[in-house]
Amino acid sequence: MREDEERLFERALMLEPERRIPFIDSACSGDAELRSELVSLLEQAASADEFFDHLDSAVFTRSFSRGDREEADAAPPRDIELSQGDTIGHYEIVSLIGRGGMGAVYRAHDTRLDRDVALKFLPAYLGSDPEAREQLLREARSAAALDHPNVCSIFEIADADDGRMFIAMACYDGQTLKEKIRSDPLSLDECVSTAQQVARALSAAHARGIVHRDVKPGNILVGSDGAVRLLDFGLAMVVDKSDSTSRVTPGTVGYMSPEQARNLPLDARTDIWSLGIVLYEMLSGVRPFRAFTAPEIVSAILHDEPEPIATLRPDVPPALGTIVGRLLQKDPADRYASADNLLGDLSRVVSSSNPESLSRNSGTRRALLVGGAILIVVVAGLLPWRSFRENAAASRFASGRARPSIAVLPLASLSGDSADNVLARGITEELTAVLAGSGVMRVISSTSVSGFRTRELDVRKIADSLGVSSLLEGTLNKVGSRVQLQVRLIDGSDGTTRWSASYDREFGEMLSVRDEVARAVAAELDLRFDRDRQLARHGTRNIAAYEAYLRASDPVLFRSQSGIWRAQKYFEEAIASDSTYAAAHAGLALVYVRRALHASDPGMPVPKLLDHAERQARRAVGLDEFLAEGHYALGRVHEAKLEFSHAESEIRRAIEIDPSRSVYRKSLAELHTWSGRTPDALSEANRALETDPLNPYALAAVASGLYQNRRYDEALLHFQRLASLQPPLLVVSFGIAQCYAKKQMWPEAIAVLEPHAEAGDPLIMALLGHIMASSGRREDASRILAGLIERRTRTGTGAFHIAVVYAGLRDYNEAFHWLDRSVDDLSISSVIMGPTFDDLHADPRFMRLRQRLNSSS
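Remarks on the overall build of the protein
- Looking only at helices and strands, the protein features 38 helices and 19 strands.
- The contacts in the protein between residues at least 6 apart in sequence include a share of 63% that link residues at least 24 apart.
- Total accessible area computed for the protein in this model is approximately 34,200 Å², and 49% of it derives from carbon and sulfur atoms.

Considerations on helix α13 (residues 318–327)
- Looking only at α13, the buried set comprises Leu-320, Ile-323, Val-324 and Leu-327. Down the axis of α13, the sector holding all buried residues measures 95°, keeping them to one side. In this structure, α13 carries Pro-318 and Thr-322 as exposed residues pointing more than 90 degrees from its buried face.

Details of helix α28 (residues 678–691)
- The first and last C-alpha atoms of α28 sit 20 Å apart over 14 residues, in line with the 20 Å expected at 1.5 Å per residue.
- Every buried residue of α28 is accounted for by Thr-678, Ala-681, Leu-682, Glu-684, Ala-685, Ala-688, Leu-689 and Thr-691.

Some remarks on the sheet that holds strand β9 (residues 220–223)
- Pairing is antiparallel across the open sheet formed by 3 strands, whose spatial order is β7-β9-β10. The open sheet is flanked by β7 (174–176) and β10 (228–230), the only strands paired with a single partner. Between one strand and the next, the sheet's axes are offset by a mean angle of 25°, whatever the strand orientation.
- As paired strands, β9 and β10 are joined by 3 bridges and run antiparallel to one another. Across the sheet, the residue bridging to Val-222 is Val-228, located in β10.
- Packed onto the sheet, helix α8 (residues 188–207) meets β9 and β10 and runs at close to 40° relative to β10.

Quick word on the packing of α28 against helix α29 (residues 696–708)
- Contact geometry for α28 and α29: axes closest at 8 Å, N-to-C directions at 160°. Viewed along their axes, α28 and α29 adopt a mutual orientation that is roughly antiparallel. You can see that α28 and α29 cross each other, and the crossing is left-handed. Taken together, the residues of α29 that come into contact with α28 (itself represented by Thr-678, Leu-682, Ala-685, Asn-686, Ala-688 and Leu-689) are Ala-698, Leu-699, Ala-701, Val-702, Gly-705, Leu-706 and Gln-708.
- Looking at the contact of α28 with α29, its residues break down into 9 nonpolar, 4 polar and no charged.

Structural notes on the environment of Leu-527
- Note on placement: Leu-527 falls in the loop between α20 (510–524) and α21 (543–552).
- Owing to a relative accessible area of 18%, Leu-527 belongs among the buried residues under this scheme.
- For the pair Leu-527 and Met-441, spaced 86 residues apart in sequence, the C-alpha separation works out to 8.4 Å.

Some details on the packing of helix α23 (residues 582–598) against helix α25 (residues 628–640)
- The contact between α23 and α25 brings their axes to 9 Å, and the two run at 20°. Compared by their axis directions, α23 and α25 come out roughly parallel. Of the two elements, α23 crosses α25, and the hand of that crossing is left-handed. Between α23 and α25, the residues in contact are Ala-586, Ala-589, Leu-590, Val-593 and Leu-597 and Glu-629, Gly-630, Tyr-632, Ala-633, Arg-636, Val-637 and Ala-640, respectively.
- For the contact of α23 with α25, the residue count by class is 9 nonpolar, 1 polar and 2 charged.

Describing the pairing of strand β4 (residues 115–121)
- In terms of residue burial, β4 counts as a mostly covered element, since 5 of its 7 residues are buried.
- With 5 bridges connecting them, β4 and strand β6 (residues 165–170) associate as antiparallel partners. If you follow Lys-120 over to β6, its bridge partner there is Ile-167.

Let's talk about the packing of aromatic side chains
- Summed over the entire model, instances satisfying the criterion amount to 7 aromatic pairs.
- Ring geometry for Trp-273 against Phe-289: centres 5.7 Å apart, planes inclined by 10°, an arrangement best described as stacked. Of this pair, Trp-273 sits in helix α10 (residues 269–284) while Phe-289 sits in the loop between α10 and α11 (294–303), and the two are 16 residues apart along the sequence.
- We classify Trp-273 as buried; its relative accessible area is 0%.
- With a centroid separation of 5.9 Å and 55° between ring planes, the pair formed by Tyr-549 and Phe-571 is classed as tilted. Of this pair, Tyr-549 sits in helix α21 while Phe-571 sits in helix α22 (residues 561–577), placing them 22 residues apart in sequence. For the pair shown, Tyr-549 and Phe-571 are each scored as buried.
- Just above the ring of Tyr-336 sits the side chain of Arg-326; from NZ or CZ to the centre is 4.1 Å.

Digging into the nonpolar core
- Leu-472 and Val-521 are the most contacted members of the largest nonpolar core, which totals 143 residues.
- Among the elements that take part in this core, α23 stands out by supplying 10 residues, more than any other.
- Contact partners of Leu-472, with chain neighbours within four places excluded, come to Ile-406, Ala-407, Val-408, Leu-409, Leu-431, Leu-435, Val-487, Arg-488, Leu-489, Trp-499, Val-517 and Val-521.
- Counting 51 residues, the second-largest nonpolar core is a separate cluster that includes Val-253, Val-278, Leu-346 and Val-349.

Things to note about unusual backbone geometry
- Phi at Arg-213 is positive, roughly 70°, even though this residue is not glycine.
- Owing to a relative accessible area of 7%, Arg-213 belongs among the buried residues under this scheme.
- Phi angles above zero are rare outside glycine, and Arg-710 is one such case at about 65°.
- Along the chain, the position of Arg-710 falls in the loop between α29 and α30 (712–722).

A short note on the pairing of strand β17 (residues 470–479)
- The buried fraction of β17 amounts to 7 of the 10 residues, a majority that puts the element mostly inside the structure.
- In this structure, strand β14 (residues 405–408) lies alongside β17, joined through 3 bridges in parallel fashion. Considered in β17, the bridge of Ala-407 is made with Leu-471.
- Bridging between strand β15 (residues 412–413) and β17 involves 2 bridges; their strand directions are parallel. Each bridged residue has a counterpart across the sheet, and for Ala-412 the counterpart in β17 is Thr-475.
- Note that β17 and strand β18 (residues 482–491) share 10 bridges and pair antiparallel. Opposite Leu-472, over in β18, you have Leu-489 as the bridge partner.
- In this structure, the hairpin formed by β17 and β18 is closed by a connection of 2 residues, where Gly-480 is found at a positive phi of approximately 65°.

Remarks on the pattern of salt bridges
- Evaluation of the coordinates by the stated rule reveals 41 salt bridges.
- Each of Glu-429, Glu-629, Asp-658 and Arg-661 takes part in salt bridges that share partners, so that together they form one network.

So, the environment of Glu-656
- Residue placement: Glu-656 occurs in helix α26 (residues 644–657).
- A residue is classified by how much of its surface remains accessible, and Glu-656, at 44% relative accessible area, is partly exposed.
- Put simply, Glu-656 and Ala-628 are 28 residues apart on the chain and 8.2 Å apart in space, counted from C-alpha to C-alpha.

A closer look at the confidence of the model for the protein
- Summary statistics for the protein give a mean pLDDT of 78 and a share of 74% for residues scoring 70 or more.
- Contacts for the low-pLDDT stretch residues 237–250, under 50 throughout, to residues beyond four places or in other chains number 26 contacts.
- In the predicted structure, residues 531–536 sits below a pLDDT of 50 and forms 12 contacts with residues beyond four places in sequence or in another chain.

Considerations on the side chain of Asp-761
- Summarising the element assignment, Asp-761 is placed in the loop between α32 (746–757) and α33 (762–774).
- One polar contact links the side chain of Asp-761 to the main-chain amide nitrogen of Leu-763, over a distance of 3.1 Å.

Things to note about the side chain of Asp-692
- The topology assignment puts Asp-692 in the loop between α28 and α29.
- Buried Asp-692, no salt bridge; nearest opposite-charge side chain is Arg-661, N-O distance 8.2 Å.
- Ignoring sequence-local partners within four residues, the contact set of Asp-692 consists of Ser-445, Thr-447, Ser-448, Ser-662 and Ala-698.

Things to note about the environment of Arg-821
- On the secondary structure map, Arg-821 appears in helix α36 (residues 812–824).
- Between the C-alpha atom of Arg-821 and that of Ala-799, which follows or precedes it by 22 residues, the distance is 6.0 Å.
- In this structure Arg-821 touches Arg-792 and Ala-799, once residues within four positions along its chain are discounted.

Reading guide: rules and limits
Residues numbered from 1 in each chain as written. Predicted model: local features only at pLDDT ≥ 70, side-chain atom pairs only at ≥ 80, totals over all residues. Heavy atoms only, no water. Helix = DSSP H or I, 4+ residues; strand = E, 2+ residues; numbered from the N terminus. Contact = heavy atoms within 4.5 Å. Areas by Shrake-Rupley, 256 points an atom, 1.4 Å probe, with all protein chains shown as cover. Buried < 20%, exposed > 50% of the residue type's maximum accessible area, 1.4 Å probe, protein only. Arc of directions from axis to C-beta. Expected span 1.5 Å × (residues − 1). Pairing = 2+ DSSP bridges. Axes fitted to C-alpha atoms, helices over the stretch in contact; angles between N-to-C directions. Parallel < 35°, antiparallel > 145°, perpendicular 65-115°, else oblique. Left-handed = near helix turned anticlockwise from the far one by under 90°. Nonpolar A, V, L, I, M, F, W, Y, C, P; charged D, E, K, R; others polar. Phe/Tyr/Trp six-rings, centres within 6.5 Å; stacked < 30°, edge-to-face > 60°. Lys NZ or Arg CZ within 6 Å of the ring centre and 35° of its normal. Core = buried A, V, L, I, M, F, W, Y, C linked by side-chain atoms within 4.5 Å. Salt bridge = Lys/Arg side-chain N within 4 Å of Asp/Glu carboxyl O. pLDDT = per-residue confidence, 0-100. Polar contact = N/O pair within 3.5 Å; in protein donor to acceptor, adjacent residues only side chain to side chain. Lys, Arg positive; Asp, Glu negative; His and termini not counted.

Here it is in structure tokens:
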């Protein structure tokens, strides 16, 4: 992100949501590309984690990570600003630590006692509020009374010269549990030890009638000395047992108990529940109740049962799993009655388990970096389909003659140069493709494997996570025009090296090296290539063309309109450097298809864009009949033109050449949806997931397939497991909203879509209008309809989106009128075939529409 873009993004985040887009419009001064990038960044920032985690205020000396700084920047506007060197009584400000819902926290030096402390200030706009001041006093008195090694120490409460109240607290060296969970997997003994120490802190608090009410990882400090301390009693309350009608202020959404969500009277058992959430998250890396919006999270807390912890982390001892289950009982009477009772069971887990077994497996979850954007993928937690893991395990190359399977780990660039990193990524892709094209082994897609770029797990755990029998890893070093490549084949069961080789060649010879590696791997696994298959793919010997192609292929570019334009520019540069580069022509074809589908070029009609796309795709296939990307691009062109039989033929050819690409099977699933073959669509989605188990779009395709097959509860569960991904995926929100709509949960469906409305995606807006109309909000739906009609006037396409809203308004004459026009302007989507539009399916005019689509194919 360049400096001006980052500065404007941070300033926009400081504003209320409704003021952000107007600010960007004014600040960009006609720079459409900059505006598009900023809008895209704001959309990514609206994730569930930022919704209910940005209030964290940790008391620790360690510098904030970038993610923590962004959370602090995303907090509401504030008016307490202190700088280094400012003095408050006998305290000298050193630096800002963080900001939270009840104020700002600064690191300061106590000049009287010569020690560092943390000063927590009440926000100035609440300074004159007697109730707020009293709440701060209660916090200080409550915490100060807890002289316990697992509770943050309070030194004093005082007023600054200008009347601002503050608390002086101990300043500890360490990191919050929230940060620790993000950065490293926790071993079982770390999880149990942390839970024990927090339980001891709660036991001391509860003994004095104090309920914390906001137990969460951000309020738990893991010190460098190994001690765990519970922070921030900002919501703590001394329970008045004579007042059974007292109500409480909600804590953090993702960690609140059912009774807290219902605003009922609370006792110590609400903290027991929250500690259960924390323990579940420590063990699995995810919260037990996850969704895209706060209302959905509350609904899950109140109504859903969490997935058993053992399904997410099989090494959890049964006794510990039982403890987690009891902690998360919705009825407080079914939970532990006290923290002391919990401590007893935790101690028995430790004493009855082999200590080595608790620490041997540190878990397999990772925060995977995919395409340069943070994508939280829990290796076990986001693979809820037992059948995949069982099938993957069964396919391991152990006993019998199961089909060998392999994953190509990202090659490590030795130079560290960003251009060489791009080259390493490209050669990794090439090796994956040629191995998959051999037809003799199952090859995991590079999308799933890319997360292990910064490889910290043992190779055996990686193999187990991906369900493969072998791994291929290596290093790459570029010296001038020469490329030095070292690779080795690893047995996934024991981590031993089965074969290794080194190559030092001119860049133009790397195509032959790629084939040599593939043949050597096959020979080592006692396999033979299918002689009917052509191993070599038509690439380029021009390094400038190759590097431009790799830059264009960066998935991040395809997440924004300005990125699409940059991708087109890079593909055109690659073709200019080598006009016979088939893969570059295929990539350029897909760019034109993307532009056509998003109808963002008023000056170039959709048919013209698709004509450009078809020429480029046919050029790619003409240059290399065995290039899977070329056939895939041509298939996408045919699908966009509603020529479904031709599209299916090309997509199947792409899968035959390269079966490792989940995106090809996802496209085939989409074609099955068009034809109403929903069981086949779900089957293809599952096959996509098998080849690409950590690809969120493959996971979403399975969820969509379940929805198409009217398995709404299953679909909703799987979509919700994806809802915490960063950046959030539109397809996930779209799917959740459709599931809610079929369950007539109208407010929940609307709440899922509204955060995306600002970006103006026409399909999102159309579904939002449809659901609003169906729920009785006809005026709101009519406003959306007017906007979509105005958009069609500008772009010349989008009849389908208008039809969707009319269908929600039950104006079926207008709906079918616009559906017919959507076939003409090619805006119709396979969404129309889904259960959302069952009312239309019963109309005889829908059969005529399907016949027209079939005839156009």
